[in-house]
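Residues per chain are reported as follows:
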Amino acid sequence: KSKEINGSNEVYDTSFSIGQEPDVFRGKYDIRQAFRGSISELNVWDFVLTQDNITRLAECQEQGKGNVIAWEVDNFNLFDVVAEDVEDISQFCVPKEKLFLYPQKMSQSSAVALCKAHGGYLYTPQNEQENKNFLEKITPFKSECE
């Protein structure tokens, strides 16, 4: 027999901890379990973001603030940590892929070596949509590669 637990708007005691899970409510932190790193732009929404929203946030096409928790350092009680201002959050963004086209014909092994020398790789579409996107990007340069 299943049981249902009804929600409530009553809040008696809450805690939202970042960086370590306490061994008891609001306490008993173990220094050996502490998060070592940096946290920024922490936002919490009361709904599921779409994949498009996530992509735009990750690529810095938009800057969203959560409607439950919005990243502002003044919104948090900080204990034993250093808070630093970040002027440009683009350092946290996933860079968009850049395509470089070389108009001269070459063997595949030469193309792979050239791409590797420039810190890239020889792009190979993995599905029909990627192939379509790739063709859209390179079509304007078709005359240069003939």
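Above this text you will find the structure in question.
Since the model is a prediction, treat every value here as computed from it, not as a measurement.

Trainee: Describe in detail the packing of aromatic side chains, supporting the description with residues and values.
Mentor: Under the defined criterion, the tally for this structure stands at one aromatic pair. Their ring planes at 40 degrees and their centres at 5.2 Å tell us that Tyr123 and Phe134 sit as a pair that is tilted. You can see Tyr123 sitting in the loop between helix H2 (108-117) and helix H3 (128-138) and its partner Phe134 sitting in helix H3, a full 11 residues away along the chain. Tyr123 gets classed as partly exposed once you look at its relative accessible area, which sits at 24%.

Trainee: With reference to specific residues and values, describe a nonpolar patch on the surface.
Mentor: A grouping of Phe16, Ile18, Phe35 and Ile39 is seen on the molecular surface, where their side chains present a nonpolar patch of about 380 Å² in accessible area. Tracing the backbone shows Ile39 in the segment before helix H1 (51-58).

Trainee: If you had to explain the pattern of salt bridges to someone new, which residues and values would you point to?
Mentor: Scanning all chains against the criterion turns up four salt bridges. Note that Arg56 and Asp52 form a salt bridge whose closest N and O atoms lie 2.2 Å from each other. Placement of the pair is Arg56 and Asp52 together in helix H1, with a separation of four residues, close to one helical turn. For Arg56, a relative accessible area of 22% puts it in the partly exposed group. Between Arg56 and Glu62 there is a salt bridge, and its shortest N-O distance comes to 2.7 Å. The partly exposed category is assigned to Glu62, whose relative accessible area is 29%. Residues joined in a network through salt bridges with shared partners are Glu41, Lys65 and Glu72.

Trainee: Could you give an account of the environment of Val112, naming the residues involved and the relevant values?
Mentor: Tracing the backbone shows Val112 in helix H2. Counting along the chain gives 10 residues from Val112 to Leu122, while the straight-line C-alpha distance between them is 5.6 Å.

Calculation criteria
Positions within a chain are numbered from 1, following the residues in the order the chain's sequence is written. In view of the model being predicted, local features appear only for residues whose pLDDT reaches at least 70, and side-chain atom pairs are presented and counted only at 80 or more, with totals across whole chains, interfaces and linings using the full set of residues. To get the side-chain values, take all heavy atoms of the structure and skip hydrogens and water. Stacked, tilted and edge-to-face are the three classes assigned to paired rings of Phe, Tyr and Trp, where Trp is represented by its six-membered ring and a pair needs centres within 6.5 Å; plane angles under 30 degrees give stacked, over 60 edge-to-face, the rest tilted. For helices the rule is a DSSP run of H or I covering at least 4 residues; for strands it is a run of E covering at least 2, with both sets numbered from the N terminus onward. Note on exposure labels: buried denotes an accessible area under 20% of the residue type's maximum, exposed denotes more than 50%, and partly exposed covers the range between, all computed with a 1.4 Å probe on protein chains only. Patches draw on residues past 30% relative accessible area with no salt bridge. Two like charges within 9 Å are joined, as are two nonpolar side chains (Val, Leu, Ile, Met, Phe, Trp, Tyr) within 5 Å. Calculation of accessible area relied on Shrake-Rupley with a 1.4 Å probe; when residues are assessed, cover is drawn exclusively from the protein chains displayed. Whenever a carboxyl oxygen of Asp or Glu lies within 4 Å of a side-chain nitrogen of Lys or Arg, that contact is scored as a salt bridge.

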